[in-house]
Structures are given as C-alpha cells and as structure tokens.
Amino acid sequence: MKRILVPTDFSDQAENALRVAVQIANKQSCEIYLLHSMELPSSLIKGVDGNAMPEALFFIKLAEKKFAELMQKDFLQGVNVQEALGHGEIYDDIKEAAENKEVDLVVMGSHGASGFKEMFIGSNTEKVVRTSNIPVLVIKNAHSTFKSDNLVFATDFSEEGRQAFDNAQKFAKKMNAKMHLLYVNTPSGFKTTPQALELMENFIQGMGAENYTLNVYNDISVEKGILGFARDNNADIIGMNTHGRKGISHFFNGSISEDLVNHAQMPVITFKI
C-alpha cells in the first residue's frame with residue numbers, strides 16, 4: 001500500500017477517518033493524501049481573466065487556514081501527509097486524485113443519511129462508494145485503536161463478484177484480518193445450508209483464499225442479516241462489493257452496500273465490481 005486518500009471537510013467525522021487512516025498508514029508505511037473539495041463553480045475559480053475571483057480566494061485561504069490548524073494535531077506529527085485542494089464535486093475530485101496519485105485506499109468519514117434525505121439527496125460518502133474504482137473504507141465513529149482482526153465479507157457469491165473478493169482478500173491480508181465469508185438466507189432466495197456452502201466453496205475455488213470461514217445466516221433481508229451476523233460475531237469491519245448503479249436504476253433499486261454505508265455504525269469497506 002503506497003498512498004491513502006482521505007477526503008476532509010474539517011468536520012469531526014472527517015477527523016475520525018483521518019485518525020484511522022493514520023493508524024493504517026503507520027502500519028503500512030504509506031503516505032496520506034489529504035483532500036478538501038471546495039465544490040465551487042468553475043467561473044469563480046477561473047474568473048473572467050483566468051484569475052480566481054475574490055469569493056474563490058476567500059474560500060481557498062479559509063481552507064489553507066484549516067489545513068494548517070489540522071496539521072498541528074498531535075496525531076499527525078511525524079506522519080507523511082500531502083495536502084491538496086479540489087475544486088469540483090467531491091466524487092470527481094476523489095476519482096481524479098485516485099487515478100493520478102496511485103491511491104490504494106480511500107478512508108472517509110460519514111454522517112450517514114436516512115429517510116427522505118437518503119432517498120432524494122444521499123450522502124457524499126454514498127456517492128463516493130458508488131463511483132470509486134478503488135476500495136473505500138467508511139468510518140462513522142472515533143477509534144482510538146482501529147481494530148481490523150475480523151472482516152465480514154458478504155456477497156451473493158455470483159461470478160461477477162470474484163474480482164471484488166480478490167481485492168477484499170488483498171486488503172484483509174495487508175491488515176492481518178481473518179475474513180468471514182457470509183451468505184445471507186432470505187425468504188425470497190432461500191437455500192439450504194448445504195446448498196449455500198456448496199455455492200461458497202465453488203466461488204472461492206482457485207482464488208487462493210486463506211484465513212477465512214464460511215457462514216450462512218438467516219434473516220428477513222440481506223442488509224439485516226449482514227448487520228445481525230456482524231453484531232453477533234463482534235466483527236470489526238463489514239466488507240461488500242458495489243455495482244456502482246447510477247441515475248434512475250439507483251433511485252429504484254438502490255444498493256445494499258450503499259445502504260450499509262448509511263446505516264451501519266461499524267466501519268464498512270466497499271470493493272467495486
């Protein structure tokens with residue numbers, strides 16, 4: 001792992017994510033790329049003569065001041081941190097930085113969203129999860145010591161999820177985590193335990209899986225089953241793949257991984273299919 005990207009709006013949630021990223025970076029001996037997206041109109045950034053407008057300069061100076069204050073925090077002393085300002089939408093800035101800076105992992109905080117806010121607006125974190133081509137680790141709470149010993153990886157064990165599982169394995173190995181593969185049985189897609197185990201065993205065949213368990217859990221929905229299994233087994237992280245649905249398809253169908261990002265209180269990491 002070379003570089004971890006941490007988006008920040010200088011909120012408490014963003015600082016929670018940054019503290020976790022620092023712990024990971026110290027273990028992996030990698031750099032942190034700290035990104036603040038101002039999300040200003042391009043007309044303010046460029047102005048009429050190619051120079052930033054006064055309004056844009058104000059926000060740039062304010063961001064620089066907040067960066068300077070943040071870098072004085074004790075937990076950042078001695079950490080290799082590169083600061084950057086983005087001018088577009090947060091998910092576009094993250095995607096561009098991830099491609100140009102050889103980022104291996106995005107770690108970001110989230111307030112979560114629910115109800116009408118979730119349906120019509122969604123969270124920036126959800127948008128990043130949906131559009132990022134690299135793993136996104138979402139942090140909801142403060143972690144004085146970030147634990148990653150037990151990672152629950154839930155999937156439907158279909159062929160299209162194999163690449164995401166391979167990336168999850170790589171992450172688990174770097175974090176020295178045991179992976180608990182999970183199939184959630186629901187009334188609408190019920191399988192007997194032998195059928196579910198056979199499905200999982202066929203899925204991991206030839207994938208070089210190690211340090212893992214196979215698990216079947218029954219619940220009324222996949223999301224409830226994942227949360228229930230993770231809670232019952234004292235999981236540290238929930239891992240999911242994401243399809244990256246957009247537009248009208250996402251509005252009507254949603255994505256379990258994005259719902260978990262909004263609803264789960266423990267860290268969630270997503271891997272793009």
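Refer to the structure above for everything that follows.
Counting starts from 1 at the beginning of each chain's written sequence and moves along it residue by residue. In keeping with the model being predicted, local features are shown solely for residues with a pLDDT of at least 70 and side-chain atom pairs are shown and tallied solely at 80 or more, while totals for entire chains, interfaces and linings include all residues. As a convention, hydrogens and water are excluded, and side-chain values are obtained from all of the structure's heavy atoms.

Below, the discussion takes up the overall build of the protein. Secondary structure is summarised from DSSP: a helix means a run of H or I of at least four residues, a strand means a run of E of at least two, and numbering begins at the N terminus for each. Across its full length, the protein holds 11 helices and 10 strands. Each residue is placed in one exposure class: buried if its accessible area under a 1.4 Å probe, protein chains only, is under 20% of its type's maximum, exposed if it is over 50%, and partly exposed if it falls in between. Looking at the protein as a whole, 49% of its 273 residues are labelled buried. Contacts were defined at the residue level, with two residues in contact if any of their heavy atoms lie within 4.5 Å. When contacts within the protein are restricted to residue pairs at least 6 apart in sequence, those whose partners lie at least 24 apart make up 78%.

It is worth spelling out the side chain of Ser132 at this point. Turning to its location among the elements, Ser132 is positioned in the loop between α6 (124-131) and β5 (136-139). Engagement of the side chain of Ser132 in a polar contact is seen with the backbone oxygen of Ile134, the distance being 2.8 Å. Not counting residues up to four positions away in its chain, the partners in contact with Ser132 are Val106 and Lys272. Two N or O atoms form a polar contact when they lie within 3.5 Å of each other; inside protein one atom must be a possible hydrogen donor and the other a possible acceptor, and for residues adjacent in sequence the pair counts only when both atoms belong to side chains.

What follows is about helix α4 (residues 90-100). If you check which residues of α4 are buried, you get Ile90, Asp93, Ile94, Ala97 and Ala98. End-on, the buried residues of α4 take up no more than an arc of 130°, which puts them together on one face. With respect to the buried face of α4, the exposed residues turned more than 90 degrees away are Glu99 and Asn100. Summarising the contacts, the buried residues of α4 are in contact with β1 (3-7), β2 (31-37), β3 (81-86), β4 (105-109) and α6. Two residues or fewer after α4 comes Glu102, characterised by a positive phi angle close to 55°. This arc corresponds to the set of directions leading from the helix axis out to the C-beta atoms.

Throughout this description, the term salt bridge denotes a Lys or Arg side-chain nitrogen within 4 Å of a carboxyl oxygen of Asp or Glu. According to the stated counting rule, one finds 10 salt bridges in the structure shown. Between Glu31 and Arg3 there is a salt bridge; the shortest N-O distance is 2.4 Å. With Glu31 in strand β2 and Arg3 in strand β1, the pair connects residues that are 28 residues apart, well separated along the chain. For the salt bridge of Glu159 with Arg162, the shortest nitrogen-to-oxygen distance reads 3.5 Å. Looking at Glu159, the relative accessible area reads 62%, which means it is exposed. Of the residues examined, Arg162 reaches a relative accessible area of 19% and is grouped as buried. Each of Glu15, Arg19 and Lys73 takes part in a single network of salt bridges with overlapping partners.

Looking now at the sheet that holds β4. DSSP-based pairing: two strands are paired if at least 2 bridges between them are found. One open sheet accounts for 10 strands, arranged β3-β2-β1-β4-β5-β10-β9-β6-β7-β8; its pairing is mixed. Both edges of this open sheet fall to β3 and β8 (212-218), since each of them pairs with a single strand only. For this sheet, the mean inter-axis angle between neighbouring strands, taken without regard to orientation, is 25°. Here β4 pairs with β5 via four bridges, running parallel. Each residue of the ladder has a partner; that of Val107, found in β5, is Leu137. For helices, the axis comes from a line fit to the C-alpha atoms of the stretch in contact; other axes are also lines fit to C-alpha atoms, and the angle between any two N-to-C directions lies between 0 and 180 degrees. Sheet strands touched by α6: β4, β5, β9 (237-242) and β10 (268-272). Its angle to β5, the strand with the most contacts, is close to 165°. Against the sheet, helix α7 (residues 162-174) contacts β4, β6 (150-154), β7 (178-185), β9 and β10, and its axis sits at roughly 135° relative to β10.

We call a set of buried residues a nonpolar core when its members are Ala, Val, Leu, Ile, Met, Phe, Trp, Tyr or Cys and they connect through side-chain atoms within 4.5 Å of each other. Within the largest apolar cluster, 45 residues are counted, with the highest numbers of intra-cluster contacts made by Leu18, Ile32, Val107 and Leu137. Per element, the largest residue contribution to this core is seven residues, and it comes from helix α1 (residues 12-28). Discounting chain neighbours no more than four positions away, the residues touching Leu18 are Val6, Ile32, Leu34, Leu70, Phe75 and Leu76.

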